[in-house]
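What the coordinates show
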Amino acid sequence: MSDLNIIVESFEKKFSNIKSKEELQNLKSEFFGKNGLISSEFKKMNTLNPEDRKTFAKSLNDIKNQITHQIEKRFKDFENQTINEKLKSEKVDVTLPTKITHNGKIHPVSQVIDEISSIFSEIGFSVAEGPDVESEYNNFTALNTPENHPARDMHDTFYLDKNKKTLLRTHTSPVQIRTMSNGKPPFKIIVPGRTYRCDSDQTHAPMFHQLEGLHIDKNITMGHLKGCLNYFIREFFEVKKIKMRFRPSHFPFTEPSAEVDIGYKVENDKIVIGEGDKWLEILGCGMVHPNVLKNTNVDPSKFQGFAFGMGIDRLAMLKYGINDLRAFFETDYRWLNHFGFDPLDIPTNYRGLSR
Ligand code: DAH
């Protein structure tokens, strides 16, 4: 047998016993290293005459290529095997129950939005939403607040273009317009969401949250509005009885309009809602102005209803004894840890809102 055949045979034998990448690497060195079997054969070429050298070189190259090919292929196989094993060991069984961790907290504003949604859903309201970037038309004109109306100045609007056609919505009321223009009555919605005004102090932030309510149907009266708000406030503050008064007010999009105050007292430096002889203003409301209905193609001779709007952040401050609104938006982890809620305690009416 020629030297080359012996080399091939020895390679095949060893190759078939390879069990790991390391062994393969050693085999590769044994054949192709500086003094490896193949490398040594190449060195022999100088001793041959030109004719023999040519045939020998060809055979040696063939063998070299064949062995290299086998080794490289095997390296690839080992690599794939490692990847497959890794994938197998890292496979996640999504059907297993989750590991319960308690690192995150629900922000009081999110908690209050969940509570409010739960309360209103019990009496048939659904949740609607609208964009933060709104048209001047939806935010003002369609809500019966034409250009030069003094109510526009009171809103300290952030306009987004020179022509004052686009803005950051100053209230959630434009979602009344969006909902009514895009559907058919009856409407019974609440709208929680972010709102913006150029204002900042202990009780005002340039971005804050409002809750809008709208109920349009045949024969809806101010009596329904009173009943609805009375129910909401009792449920929200988790009290049996509430002192409440409607004060005449003005909003361009309602007629008549009212502001609602609730009774409270201070006991041991804490606010007690629902009793006492002090009054706290908490929302604006009224019967939807016929012009708003006309602007959204709802026939005011057939349909009527009420709307209301309130500040969610203020409700959260009152209910959970938080006295600086700015802390809501500072993302201070210690604050959130103290005032935040457990993510697994989702507020529902039957289980309780804020245990
Ligand atoms: N949009 C009013 C505001 O931001 C609040 C409001 C008052 C909303 C009366 C209403 C309403 O829907 O009927 O000041």
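Further up the page is the structure itself.
Here the structure is a predicted model, which is why all the values come from computation and not from measurement. (Residues numbered from 1 in each chain as written. Predicted model: local features only at pLDDT ≥ 70, side-chain atom pairs only at ≥ 80, totals over all residues. Heavy atoms only, no water.)

**What about the site of the ligand?**
Of all residues adjacent to the ligand, which total 15 residues, the nearest are H171, S173, R197, Q210 and E212. At 2.8 Å from a nitrogen atom of the ligand is found a side-chain nitrogen or oxygen belonging to H171. In the model, an oxygen atom of the ligand is placed 2.6 Å from a nitrogen or oxygen of the E212 side chain. Within the complex, 90% of the 360 Å² of free accessible area of the ligand lies under protein. Of all the secondary structure elements, the ones that give two or more residues to the shell around the ligand are strand 5 (207-217), strand 9 (278-288) and strand 10 (304-311). (Near = heavy atom within 4 Å. Polar contact = N/O pair within 3.5 Å; in protein donor to acceptor, adjacent residues only side chain to side chain. Areas by Shrake-Rupley, 256 points an atom, 1.4 Å probe, with all protein chains shown as cover. Helix = DSSP H or I, 4+ residues; strand = E, 2+ residues; numbered from the N terminus.)

**Digging into the pairing of strand 5**
Here strand 5 lies mainly inside the structure; nine of its 11 residues are buried. Here strand 4 (residues 187-196) runs beside strand 5; their pairing, made up of 10 bridges, is antiparallel. Directly across from F187, in strand 5, lies its bridge partner I216. (Buried < 20%, exposed > 50% of the residue type's maximum accessible area, 1.4 Å probe, protein only. Pairing = 2+ DSSP bridges.)

**Describing the pairing of strand 4**
For a regular strand, side-chain orientation follows a simple rule: the groups alternate between the two sheet faces. Most of strand 4 is tucked away, with eight of its 10 residues classed as buried. Relative to strand 4, strand 1 (residues 126-127) runs parallel, the two being bridged by two bridges. Pairing of V127 across the sheet is with I190, part of strand 4.

**Considerations on a negative patch on the surface**
Together, D153, D156, D199 and D201 make up a region of like negative charge exposed at the surface. Along the chain, D201 turns up in the loop between strand 4 and strand 5. D201 sits in the partly exposed class, given a relative accessible area of 31%. (Patch = residues over 30% accessible without salt bridge, like charges linked within 9 Å, V, L, I, M, F, W, Y side chains within 5 Å. Salt bridge = Lys/Arg side-chain N within 4 Å of Asp/Glu carboxyl O. Lys, Arg positive; Asp, Glu negative; His and termini not counted. Charge placed at Lys NZ, Arg CZ, Asp CG, Glu CD.)

**Thoughts on the packing of aromatic side chains**
Tallied over the entire structure, the rule returns 13 aromatic pairs. An angle of 80 degrees between the planes, with centres 4.9 Å apart, marks the rings of F236 and F237 as edge-to-face. When sorted by exposure, F236 lands in the same class as F237, which is buried. Taking 4.9 Å as the distance between ring centres and 65 degrees as the angle between the ring planes, the aromatic pair formed by Y320 and F341 counts as edge-to-face. Pair noted here: Y320 is in helix 11 (residues 312-320) and F341 is in the segment after helix 12 (333-339), with a separation of 21 residues, a long-range link. Assigned by exposure class, Y320 and F341 land together as buried. One aromatic cluster is present, formed by F120, F125, F232, F236, F237, F306 and F308 through successive ring pairs. Lying across the ring of F15, R74 places its NZ or CZ 5.6 Å from the centre. Lying across the ring of F246, K226 places its NZ or CZ 5.4 Å from the centre. (Phe/Tyr/Trp six-rings, centres within 6.5 Å; stacked < 30°, edge-to-face > 60°. Lys NZ or Arg CZ within 6 Å of the ring centre and 35° of its normal.)

**Here we look at helix 9 (residues 222-237)**
Spanning 16 residues, helix 9 covers 22 Å between terminal C-alpha atoms, matching the ideal 22 Å at 1.5 Å per step. Every buried residue of helix 9 is accounted for by L225, C228, L229, Y231, F232, I233, F236 and F237. Where helix 9 begins, the capping side chain belongs to T221, and its oxygen is found 3.1 Å from the backbone nitrogen of G223. Once helix 9 ends, the next one or two residues include E238, with phi positive near 55 degrees. (Expected span 1.5 Å × (residues − 1).)

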